[in-house]
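Fold and geometry: a report
Here's the letter readout for the chains.
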Amino acid sequence: MRLFPKILLLILGLLILLAVVLTVVEVRDETRQISSLVEQKGTQVARVLSVSALPHLVNRDFGTLNALLHETQRGSDLIAGALLGPDGVILAHTDIDRLGDKGSDDLFLQAAAGEGAVVQHWGSGSEAVMAVGAPVRLRGDMLGVLRLEFSEAAVYQSLRSTVLRGIGVAAVAVVVGSLLAFAASGLITRPIRQLTASAGRIARGDMTHPIAVNRGDEIGELAAAFQTMTESLKRTFGDLVREKRRTEAIVQSVPDGMVAVDAGRRVTFMNPAALSVLGFSADEVLGRPCVEILGNPPCVADCFLAGGNGAPSARREEMGLITKTGRPIRVIKTVAPLQDEDGRVAGAVETIRDITQTRRLEEKVRQSERLASVGKLAAGVAHEINNPLSAVIGISGVLLRRLPADHADRVPLQEISDYGKRCARIVHDLLNYARQMPPEKRSTDMNRLVRESVQRIERANPDKRFSVTFDLDPSLPEVLADPYQMEQVFFNIVLNAVQSLNGEGEVRIVSALDGDRIRISVIDNGCGIPPENRSRVFEPFFTTKPQGTGTGLGLSISYGIVSGHGGTIDVESEEGIGTCFTVRLPLSPIGRGPV
C-alpha cells in the first residue's frame, strides 16, 4: 500500500477513535447526571407523599391515601405506589387488587430500619425500574413505609438520543476529518511523490531535471539534501563517463589487438586492431567461445588454472593463428587473468601483436646476409678458377684448330672446350653476382623495359607456344633506375615464368602505382613452386631446372639488383596453379611530382 492511503487511513482511524471516546464519555456523564436527577426527583416525591400521607395514616383514612397515590401517578413516570404498614401489609396501593397483600421485601426492611429514603434499581432498557422506599414516622414511631416504583424508560430514551447525537457528531467529524486528512496527506505525499519521480529519472540516467520542492519543513530539507546528492551524483557520473570514454579511446587506439573473455571463455570484447588482424566484425565474435576465434593455446588454460595457491600471472608466447579468410599469421600473444573482488579468476584479457611482416623482413634480412656471404665466397672462388679455366679454354681451342677435322681426339677436346665455356659462363655470373655494381640511375620508363625484355625472350623462342599479355598502367610514372640492370631483372623473371610453362601457357605482366612505389607483377599459370622451395628461390645456385639448363644465379642476381635500387622483390606461388613475382621500386622525385 502506498503512503497516501496509509496516512489517510491513520488520520481517519484516529478521528473515529476520538469520536467514539468522546461519545462514550458524554453518554457516561449524561447517564450519571440523569440518574442523579431521577433519584433526587423520586426521593423528593417520596418525602412529600410521606408527609402528606401522615395524617391520613393516623386517621386510618385509606381511601384518601389511595386517591393521593393515584393523583401522584397521573402525569408522571410512577408505575406503582403503595403504603405498607409496620407489619408489611399493603394499606394503600395504586392497584386496588393488591390491598391487604403482604409486600415486605429488602427495600421495605431497609426503609423501615432507616431514617431517610432508600433507592434501588433493577431491570434494563425500557423495563428499567427505580424503586424508592421512605419511612412514615410520627415522633420517632414508624407508622409505615411509602413505596414508589418509577419507570426509567425515559432516562434510557434520553441516553439513546445522546448516543445518536454523538454518532452524528462523529460522522460529521469523520467527513470533515477525511477532507482535512486528504489535504494533509497531499501536502505530505506530493513532495514525496516528486522525490520518487526524480529518483526514477536518476535511475534511468536522466539527471537534468531539478527537484522543485520548496518547503521550509523537514520534507524541504530532505528535498534539498536529495538535490545536493543528485548534483554530486551527476558530477560523479560525468567523471565516470569521461573516464570511460577516455579508457575506450585508449583501448580503441592501441595498435595491438585486445580481446576480453569471461570465465566461460566466451569473447566479451574485441578492439578494432584485433578485429582487423583476424578479419572479423564485432557481431561475429561477441559471445562466441574464444577457441573458435583464437584457438586454445596452453597459456589460456594456464591463466584460468593458475589461481590455486598463488596469484595467477600473465603468459606470453609466439604462435600461429588462422584469420577468418584462412590466411596464416604469426602473432605474439599475451594472456593475463582478470580477477574479481574475491581474487577468483573471472576472465582473461589477451593482447595480440601481428608480427607476420616483421618475421618476413627478418627472414629477408637473414636471406640477404646469406646471399652476401655466398657472394663473397663466389667472388673468391671465381677469381681462383677464372685463370686456370681461361687456360683450359685457350689450350683446347688451339688444339682443336691444329687437329684435322677427322682426328679422333677432336670429340673429347670439343667436350673439354664446351664444358670449359659453360664453367666460364658460371664464373661470369658469379662475378656479376658478387660485384653488384652500384646502379647508374636515370629516369626510366619501366613499361618500356618490360616490353623490351619480353621481346628478347620471344626472339629467342620463335616457335613459342606460350602467350604474353600486358596490363600496364599507361600513366605509370618514370623512376630513377639503371635501365640495363632492371632489364636484366625483368628478363630473368619473365624467362623463369616462360620456362615454368613447359612450352604452353600464359604469362601476364601487370604494372600499377602502389602508394609511393610502383609495382610490376609477372604472373604465370605454370607448374608453381613447391612450398618447401619457396624460401630458397633467391639463393644462389638453387634451381629446379634440369641439369645444364640453368646456373641458379638469375634470381639471386635480380634480388641483389632490386635491393640496390631500394626496392623489394616477392614471390607468391601455389603448386599446380602458378607463380607471381612482384617487384616494387620507390618513386623518384620526378615521379612523385611537386612537393
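Model, not experiment: these values are computed from the prediction. (Residues numbered from 1 in each chain as written. Predicted model: local features only at pLDDT ≥ 70, side-chain atom pairs only at ≥ 80, totals over all residues. Heavy atoms only, no water.)

A few words on the overall build of the protein chain. A tally of regular secondary structure across the protein chain gives 15 helices and 17 strands. Taken across its 595 residues, the protein chain has 36% of its residues classed as buried. If you take every contact in the protein chain between residues at least 6 apart in sequence, the share linking residues at least 24 apart comes to 59%. As presented, the protein chain carries roughly 33,800 Å² of accessible surface, and 57% of it is formed by carbon and sulfur atoms. (Helix = DSSP H or I, 4+ residues; strand = E, 2+ residues; numbered from the N terminus. Buried < 20%, exposed > 50% of the residue type's maximum accessible area, 1.4 Å probe, protein only. Contact = heavy atoms within 4.5 Å. Areas by Shrake-Rupley, 256 points an atom, 1.4 Å probe, with all protein chains shown as cover.)

Moving on to the confidence of the model for the protein chain. Residues with a pLDDT of 70 or more make up 80% of the protein chain, whose mean pLDDT is 78. Contacts from residues 590-595, a stretch scored under 50 in pLDDT, to residues over four places away or in other chains number 4 contacts. (pLDDT = per-residue confidence, 0-100.)

Following the sequence through the fold, threonine 579 ends up in strand S17 (residues 578-586). At 2.9 Å, the side chain of threonine 579 forms a polar contact with the side chain of serine 573. Discounting residues that sit within four places of it in the chain, threonine 579 has contacts with Val522, Ile523, Asp524, Gly528, Ile529, Val571, Glu572 and Ser573. (Polar contact = N/O pair within 3.5 Å; in protein donor to acceptor, adjacent residues only side chain to side chain.)

On to the environment of valine 291, then. With respect to the secondary-structure elements, valine 291 resides in helix H8 (residues 290-294). As a C-alpha pair, valine 291 and valine 267 span 24 residues in sequence and 9.4 Å in three-dimensional space.

This next bit is on the packing of helix H13 (residues 483-500) against helix H14 (residues 554-564). Contact geometry for H13 and H14: axes closest at 9 Å, N-to-C directions at 140 degrees. On the basis of their axis angle, the class for H13 and H14 is oblique. H13 and H14 meet at a crossing whose hand is left-handed. Residues Gln485, Met486, Gln488, Val489, Asn492, Ile493 and Asn496 of H13 form the contact with H14, whose own contacting residues are Gly554, Leu555, Ile557, Ser558, Ile561 and Val562. (Axes fitted to C-alpha atoms, helices over the stretch in contact; angles between N-to-C directions. Parallel < 35°, antiparallel > 145°, perpendicular 65-115°, else oblique. Left-handed = near helix turned anticlockwise from the far one by under 90°.)

Here the focus is the sheet that holds strand S6 (residues 257-262). Taken together, 5 strands build an open sheet; the order of strands is S7-S6-S10-S9-S8 and the sheet is antiparallel. Taken across any chain shown, the strands that pair with only one partner, and hence form the sheet edges, are strand S7 (267-270) and strand S8 (315-322). Taken over all neighbouring pairs, the strand axes of this sheet differ in orientation by 25 degrees on average, direction set aside. Relative to strand S10 (residues 345-354), S6 runs antiparallel, the two sharing 6 bridges. Bridge pairing in S10 places valine 259 opposite glutamate 350. (Pairing = 2+ DSSP bridges.)

Taken as a whole and assessed by the stated rule, the structure comprises 2 cavities of 30 Å³ or more. What the largest cavity holds in volume is close to 40 Å³. Lining the largest cavity are Leu49, Ala53, Leu65, Leu68, Leu69, Leu83 and Leu146. Looking at the lining of the largest cavity, the elements that each hand over two or more residues are helix H1 (3-58) and helix H2 (62-73). The biggest single contributor to the lining of the largest cavity is H2, with 3 residues. Residue composition of the lining of the largest cavity, grouped by class: 7 nonpolar, no polar and no charged. (1 Å grid on protein atoms, 1.4 Å probe; cavity = no way out; pocket = protein on both sides within 12 Å on 5 of 7 lines; lining within 4 Å. Points joined across faces, edges and corners; volume = space filled by probe spheres on them. Nonpolar A, V, L, I, M, F, W, Y, C, P; charged D, E, K, R; others polar.)

A few words on unusual backbone geometry. If you check the backbone angles, arginine 60 has positive phi at about 60 degrees while not being a glycine. Judged by its relative accessible area of 53%, arginine 60 is exposed.

In this section: a nonpolar patch on the surface. Where nonpolar side chains cluster on the molecular surface, the patch consists of Ile16, Val20 and Val24 and spans about 250 Å² of accessible area. Relative to the helices and strands, valine 20 resides in helix H1. Of the residues examined, valine 20 reaches a relative accessible area of 46% and is grouped as partly exposed. (Patch = residues over 30% accessible without salt bridge, like charges linked within 9 Å, V, L, I, M, F, W, Y side chains within 5 Å. Salt bridge = Lys/Arg side-chain N within 4 Å of Asp/Glu carboxyl O.)

Taken in spatial order, the 5 strands line up as S12-S14-S15-S17-S16 in an open sheet, and their pairing is mixed. This sheet does not close on itself; its edge strands, each paired only once, are strand S12 (465-471) and strand S16 (568-574). When the angles between neighbouring strand axes are averaged without regard to direction, this sheet yields 15 degrees. Pairing of S12 with strand S14 (residues 504-514) involves 7 bridges; the strand directions are parallel. What sits directly across from aspartate 471, in S14, is valine 510. This element, helix H12 (residues 446-460), spans S12, S14, strand S15 (517-524) and S17 of the sheet and lies at about 175 degrees to S12. Its contacts with the sheet place H14 against S16 and S17, and it is angled at close to 25 degrees to S17.

The subject of this paragraph is the nonpolar core. A general tendency of soluble globular proteins is for nonpolar side chains to be buried together. The biggest cluster of nonpolar side chains holds 39 residues, and the ones touching the most others in it are Met446, Met486 and Ile509. For this core, the elements supplying multiple residues, two or more each, are H12, S12, strand S13 (479-481), H13, S14, S15, H14 and S17. Here this core gets 8 residues from one element, more than from any other, and that element is H13. When neighbours within four sequence positions are excluded, methionine 486 is seen to be in contact with Met446, Leu449, Ala481, Ile561, His565, Val583 and Leu585. (Core = buried A, V, L, I, M, F, W, Y, C linked by side-chain atoms within 4.5 Å.)

Our focus in this paragraph is the packing of H12 against H13. For the pair H12 and H13, the least separation of the axes is 9 Å and the interaxial angle reads 50 degrees. Put simply, H12 runs oblique to H13. H13 is crossed by H12, and the crossing has right-handed handedness. Across the interface between the two elements, Met446, Leu449, Val450, Glu452, Ser453, Val454, Arg456 and Ile457 of H12 pack against Pro483, Met486, Glu487, Phe490, Phe491, Val494, Leu495 and Val498 of H13.

One can find glycine 528 in the loop between S15 and H14. On a C-alpha basis, the gap between glycine 528 and glycine 576 in space is 5.4 Å, while along the polypeptide they are 48 residues apart. Look past the residues within four positions of glycine 528 in its chain and what remains in contact with it is Ser573, Glu574, Glu575, Gly576, Gly578 and Thr579.

All told, the structure shown has 2 aromatic pairs when counted by the stated rule. Here phenylalanine 538 and tyrosine 559 contribute two aromatic rings whose centre-to-centre distance is 5.1 Å and whose plane-to-plane angle is 45 degrees, an arrangement assigned as tilted. A residue pair is termed long-range when its members are at least 10 positions apart, and phenylalanine 538 in the loop between S15 and H14 and tyrosine 559 in helix H14 qualify at 21 residues. What makes tyrosine 559 buried here is its relative accessible area of 8%. (Phe/Tyr/Trp six-rings, centres within 6.5 Å; stacked < 30°, edge-to-face > 60°.)

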